[in-house]
Amino acid sequence: MNCPTCSGDCVRPAEEILNELFQMYMACGSCPPDPLFNKSAPFYENIESSTGRCTKCGKRHLDLVIGNVLAILKESGLFPRDAALREVGTPLIAFGYQIPYPPRLGDKSLVLIMDSVTRELADKIISDVPEVKGVVKRTGPPSKSIGILDTDSAPHTYELLSGCDMRCDVVFSTFGELCIYKNQSKVHIEFNNTKINKIEALYLNGELDNAVIVDGLCGPGMLGLLSTLGGAKKVILNDAWLPAIQNAILNIRMNSGALGVRIETEEAEEAEEAEEADRSKLIGGEPVLVAKAKGRTEIFVYHGDIRALGKEVKGCDICLVDTFPSVNPAEHAALCRDFARKVVII
Ligand SMILES: [Zn+2]
Ligand SMILES: [Zn+2]
């Protein structure tokens, strides 16, 4: 399947990723040692696109890649001569998981979130630094979440300046793994184990077994799909933010092996048509069924406001409510109690 953002090979089935993951960012026997740069000190090394690349595996240490980007920023005059590596921005590896060593990067393996950059410089970074696949400009303070707080607020997005922002976080749980793809400039995901632990706790209590689970503010679908993996018989994903829903549908496809489901073609086509028709409508209101997957379990995907979800969902065992950190989940939780036997605030 081609990447929906750049038509490249950014999205691949979870099985393939999991097979390669532990080698993906590892140094080979011939890789040069860690350059041991101080990331906070003024950085004067002149790093070009060939500097420090392993002649055998072709990968480079993360700090050399960032140093290469910093050299471009300094040359342009945007950054002072004494800027430090740390000032470049936030590097996100394309397939994220906790790596116990500094990653060695191959081609198109890093998305950079930057505060100070122009479109022209972003294009230059993409063309001159082969490891960087996307440059995203952050707008607003780092604490401000991407997406929509609720359906009454204007969406807040970062700006993809060059390349592709599609990347993936690999989720490990006691009952299986998932690859959760997202467009990093449009979809917020606070990636932390606490959320995963809450789903694991439900699993260990036997509460997912054969249950009907609603993930009311699903984003790219991590918690709902994790519940599917944990034994739920029916899972309803819902979000009002269209980019999140598009990522959630992609994640069902990319994890369909582990989830034991297939997106029903007809429904998928209808969903695409519905999405086409709805493209002007980034923020959903009345929930619209946009995709359905069947197999070992059933997954229904709705684009709509959680506050209207009771019209579509007549009953469920557990409704997960995962709001942005700045939103009080009480209002949503109260409404979800109309159709859910139990509401779990994540
Ligand atoms: Zn892409
Ligand atoms: Zn190497």
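Residues numbered from 1 in each chain as written. Chains lettered and ligands numbered in written order. Predicted model: local features only at pLDDT ≥ 70, side-chain atom pairs only at ≥ 80, totals over all residues.

K.L.:
Even after reading the chapter, I still don't get the packing of helix H4 (residues 193–204) against helix H5 (residues 222–229), so can you show me in this structure?
P.N.:
The relative placement of two packed helices is expressed as an angle between their axes plus a distance between the axes. Contact pair H4 / H5: the axes reach a minimum separation of 10 Å and the direction vectors enclose 30 degrees. In this structure, H4 meets H5 at a crossing whose hand is right-handed. Across the interface between the two elements, Lys195, Ile196 and Ile199 of H4 pack against Leu223, Leu226 and Ser227 of H5. Residues belonging to the contact of H4 with H5 are distributed by class as follows: 4 nonpolar, 1 polar and 1 charged. (Axes fitted to C-alpha atoms, helices over the stretch in contact; angles between N-to-C directions. Helix = DSSP H or I, 4+ residues; strand = E, 2+ residues; numbered from the N terminus. Left-handed = near helix turned anticlockwise from the far one by under 90°. Contact = placed C-beta atoms within 7 Å. Nonpolar A, V, L, I, M, F, W, Y, C, P; charged D, E, K, R; others polar.)

K.L.:
I would appreciate a short explanation of the sheet that holds strand E9 (residues 176–183) in the present structure.
P.N.:
Remark on secondary structure: sheet strands pair via backbone hydrogen bonds, oriented parallel or antiparallel. Across the sheet, 3 strands lie side by side as E3-E8-E9; this open sheet has mixed pairing. Two strands bound the open sheet, and with one partner strand each, they are strand E3 (95–96) and E9. In this sheet, strand E8 (residues 166–173) lies alongside E3 in parallel orientation, the contact comprising 2 bridges. When the bridges of E8 are listed, Gly96 appears paired with Asp169. Helix H1 (residues 14–24) rests against E3, E8 and E9 of the sheet, and its axis sits at about 95 degrees to E9. (Pairing = 2+ DSSP bridges.)

K.L.:
Would you mind going over the pairing of strand E10 (residues 212–215) with me for this structure?
P.N.:
Burial of the side chains of E10 extends over both faces: Val212 and Val214 are buried on one face and Ile213 and Asp215 on the other. Note: E10 against strand E11 (residues 234–239), 4 bridges, orientation parallel. When the sheet's bridge partners are listed, Val212 is paired in E11 with Lys234. Handedness of the crossover joining E10 and E11 through H5 is recorded here as right-handed. (Buried ≥ 20, exposed ≤ 12 C-beta atoms within 10 Å, placed from the backbone. Right-handed = clockwise from strand over helix to strand, strands pointing away.)

K.L.:
How do you make sense of the sheet that holds E11 when you look at a structure like this?
P.N.:
Here we have 7 strands laid out as an open sheet, ordered E12-E13-E14-E11-E10-E15-E16, and mixed in their pairing. The open sheet has two edge strands, strand E12 (261–263) and strand E16 (340–345), and neither has a second partner. Adjacent strand axes in the sheet meet at a mean angle of 20 degrees, parallel and antiparallel pairs treated alike. Bridge count for E10 against strand E15 (residues 316–321) is 3 bridges, and the pairing is parallel. Opposite Ile213, over in E15, you have Ile318 as the bridge partner. Helix-sheet contacts for helix H6 (residues 242–254) involve E11, E12, strand E13 (288–295) and strand E14 (298–303), and the interaxial angle to E14 is about 165 degrees.

K.L.:
What's the story with unusual backbone geometry in this structure? I'm lost.
P.N.:
A negative phi angle characterises most non-glycine residues, just as the trans form characterises most peptide bonds. A positive phi angle, near 55 degrees, is found at Leu36, a position not held by glycine. Its location among the elements puts Leu36 in the loop between H1 and strand E1 (60–61). Taking the number of C-beta atoms within 10 Å as the measure of exposure, Leu36 has 8 and is therefore exposed.

K.L.:
Any chance you could explain the nonpolar core here in plain terms?
P.N.:
For soluble globular proteins, nonpolar side chains are generally found buried alongside one another. Formed by 99 residues in total, the largest nonpolar core has its most connected members in Val69, Ile213 and Val301. The element that contributes the greatest number of residues to this core is helix H2 (residues 62–75), accounting for 9 residues. The residues that make up this core include at least three from each of domain 1 (14–138) and domain 2 (168–345). Each residue touching Ile213, except ones within four places of it in the same chain, is listed here: Leu208, Gly224, Ser227, Ala232, Val235, Cys316, Asp317, Ile318 and Leu320. (Core = buried A, V, L, I, M, F, W, Y, C linked by C-beta atoms within 7 Å. Domains from an automatic or database assignment.)

K.L.:
Could you clarify how one ought to interpret the pairing of E11 in this entry?
P.N.:
A regular strand carries its side chains on alternate faces of the sheet. In terms of burial, E11 is a largely internal element, 5 of the 6 residues being buried. Bridge count for E11 against E14 is 6 bridges, and the pairing is parallel. Looking at the pairing, Ile236 lines up with Phe300 of E14.

K.L.:
Mind showing me how you'd approach H6 here?
P.N.:
Since there are 3.6 residues in each turn of an α-helix, residues three or four apart along the chain are aligned in direction. Helix length check: H6 (13 residues) gives 18 Å between terminal C-alpha atoms against 18 Å at 1.5 Å per residue, within 8%. For H6, the buried fraction is high: 12 of the 13 residues fall into the buried class. (Expected span 1.5 Å × (residues − 1).)

K.L.:
Help me out: how do you make sense of the environment of Pro13 in this one?
P.N.:
Inspection of the secondary structure puts Pro13 in the segment before H1. The exposure class assigned to Pro13 is partly exposed, which follows from the 16 C-beta atoms found within 10 Å. Along the sequence, Pro13 and Cys179 sit 166 residues apart, while their C-alpha atoms lie 8.2 Å from each other. Beyond its immediate chain neighbours, meaning those up to four positions away, Pro13 contacts Met254 and Gly257.

K.L.:
It is not clear to me how H4 should be interpreted in this structure. Could you clarify?
P.N.:
For H4, built from 12 residues, the straight-helix expectation of 16 Å at 1.5 Å per residue is met to within 8% by its first-to-last C-alpha distance of 16 Å. Within the sequence span of H4, burial applies to Ile199, Leu202 and Tyr203. Within H4, the buried residues cover an arc of 105 degrees as seen down the axis, which keeps them to one side. Every exposed residue of H4 that faces more than 90 degrees away from the buried side is listed here: Asn193, Thr194, Asn197, Ala201 and Leu204. (Arc of directions from axis to C-beta.)

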